[in-house]
Amino acid sequence: MFEPLEPKEFCSKWIPIKSDKKPGEYGYRKECCKLLALLTGYNETTCSNWLSTPSDIPNLVPLYLRSVDILWQIQEVLPNQVNNSKE
């Protein structure tokens, strides 16, 4: 139904939006780990391992991240459409 979204790809898309850090910048990886831990319930160390060892990622995590990605995209678009329709 959904294409899985790997944590590294999820972070590269959403960390610049959520925390204003870009890949390669100081603190980027820490922000990735914090966000992944918050979303999945795993600890930050485990989430850090996913970024360097993708084979360690539980099977459901990429599907869950795709679902979150879709919801966040909808949230970005919907408020604009609702506000624009009132004009």
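Note that the structure is a prediction, hence the values are computed from the model and not measured.

Once that is clear, we can look at a nonpolar patch on the surface. A grouping of F2, L60 and L63 is seen on the molecular surface, where their side chains present a nonpolar patch of about 290 Å² in accessible area. When you line up the elements, L63 lands in helix 4 (residues 60–85). Since its relative accessible area comes to 33%, L63 is described here as partly exposed.

Between its first and last C-alpha atoms helix 2 (residues 28–40) spans 18 Å; for 13 residues at 1.5 Å apiece the expected length is 18 Å, and the two agree. Those residues of helix 2 that fall on the buried side of the exposure criterion are Y28, C32, C33, L35, L36, A37 and L39. At the exit of helix 2 stands G41, carrying a positive phi of roughly 85 degrees.

With that settled, consider the nonpolar core. If you look at the biggest cluster of nonpolar residues, it comprises 20 residues, and the most contacted ones within it are F10, C11, L36, L39, L65 and W72. Ranked by residue count, the leading element in this core is helix 2, at seven residues. Each residue touching L39, except ones within four places of it in the same chain, is listed here: F10, Y64, L65, V68 and W72.

Conventions and cut-offs
Residues numbered from 1 in each chain as written. Predicted model: local features only at pLDDT ≥ 70, side-chain atom pairs only at ≥ 80, totals over all residues. Heavy atoms only, no water. Patch = residues over 30% accessible without salt bridge, like charges linked within 9 Å, V, L, I, M, F, W, Y side chains within 5 Å. Areas by Shrake-Rupley, 256 points an atom, 1.4 Å probe, with all protein chains shown as cover. Salt bridge = Lys/Arg side-chain N within 4 Å of Asp/Glu carboxyl O. Helix = DSSP H or I, 4+ residues; strand = E, 2+ residues; numbered from the N terminus. Buried < 20%, exposed > 50% of the residue type's maximum accessible area, 1.4 Å probe, protein only. Expected span 1.5 Å × (residues − 1). Core = buried A, V, L, I, M, F, W, Y, C linked by side-chain atoms within 4.5 Å. Contact = heavy atoms within 4.5 Å.

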